[in-house]
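So the chains spell out like this:
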Amino acid sequence: MMEFTLSRVALIACGAILLAAVIVPVNGIYDSMEEENMTEVSDSIASMLDSFWDSETDTMHLRGWDILPSADYGLVLDGHKVIITGGEKDYLSLTEHSTGYFELTYNDIVDIVRENDSLTITIQ
């Protein structure tokens, strides 16, 4: 009976060690995937602003919940910089055309207007 109990204890200990050895690499993979996805979000927002500038449209309505992944994140436009803030790190992309300084949160609705050589942004 004692051998059976000791074998089960050894089996549980080996299982815990094996589980701990697998969790660390998997956690690193998920962290790198999150970073890549947030970089893609920042790049796609910058690309959207550049595409808007090159289009024939003068006004674009933008809702924060349509472009930000969750309420934990925010968007900062500063000159040629597009910055996704929140989480542990900020994600930066660049645009061709300048904007003024502006912060967009998840629940904001804004109008982006093309004027002269820059984009102006107003909250609705």
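Definitions and limits used
Residues numbered from 1 in each chain as written. Predicted model: local features only at pLDDT ≥ 70, side-chain atom pairs only at ≥ 80, totals over all residues. Heavy atoms only, no water. Helix = DSSP H or I, 4+ residues; strand = E, 2+ residues; numbered from the N terminus. Rg over C-alpha atoms; globule rule 2.2 N^0.38 Å. Buried < 20%, exposed > 50% of the residue type's maximum accessible area, 1.4 Å probe, protein only. Contact = heavy atoms within 4.5 Å. Lys, Arg positive; Asp, Glu negative; His and termini not counted. Charge placed at Lys NZ, Arg CZ, Asp CG, Glu CD. Pairing = 2+ DSSP bridges. pLDDT = per-residue confidence, 0-100. Salt bridge = Lys/Arg side-chain N within 4 Å of Asp/Glu carboxyl O.

## As for the overall build of the chain
Logical step 1: Secondary structure summary: the chain contains two helices and five strands in total.
Logical step 2: In sequence order, the secondary structure elements of the chain are arranged as α-β-α-β-β-β-β.
Logical step 3: Computed over the C-alpha atoms, the radius of gyration of the chain is 23 Å, more than 25% above the 14 Å expected from 2.2 N^0.38 for a compact globule of 124 residues.
Logical step 4: Its C-alpha atoms put the chain at 85 × 25 × 20 Å along the principal axes.
Logical step 5: Looking at the chain residue by residue over its 124 residues, the buried ones come to 28%.
Logical step 6: Taking all contacts inside the chain whose residues are at least 6 apart in sequence as the whole, residues at least 24 apart take part in 53%.
Logical step 7: Across the chain, the mean location of the 5 positive side-chain charges is 7 Å away from that of the 22 negative side-chain charges.

## Let's talk about the pairing of strand S3 (residues 91-104)
Logical step 1: Direction of pairing for strand S2 (residues 74-85) relative to S3: antiparallel, over a ladder of eight bridges. Bridging across to S3, Ile84 finds its partner in Tyr91.
Logical step 2: A loop of five residues connects S2 with S3, the two strands running antiparallel in sequence, and Gly86 in this loop sits at a positive phi of about 120 degrees.

## As for the confidence of the model for the chain
Logical step 1: On average, residues of the chain score 86 in pLDDT, and 100% of them are at 70 or above.
Logical step 2: For the chain, the element scoring lowest by mean pLDDT is strand S5 (residues 118-123), at 78; S2 scores highest, at 91.

## Examining the pattern of salt bridges
Logical step 1: One pass over the structure, following the stated rule, counts three salt bridges.
Logical step 2: Here Glu35 ties to Lys89 by a salt bridge, and the two come within 2.8 Å at their closest N and O atoms. One end of the pair, Glu35, is in helix H1 (residues 2-54); the other, Lys89, is in the loop between S2 and S3, and 54 residues separate them in sequence.
Logical step 3: Since its relative accessible area comes to 35%, Glu35 is described here as partly exposed.
Logical step 4: For Arg63, the salt bridge is made with Asp66, and the minimal N-O distance between the two is 2.7 Å.
Logical step 5: For Asp66, a relative accessible area of 47% corresponds to the partly exposed category.

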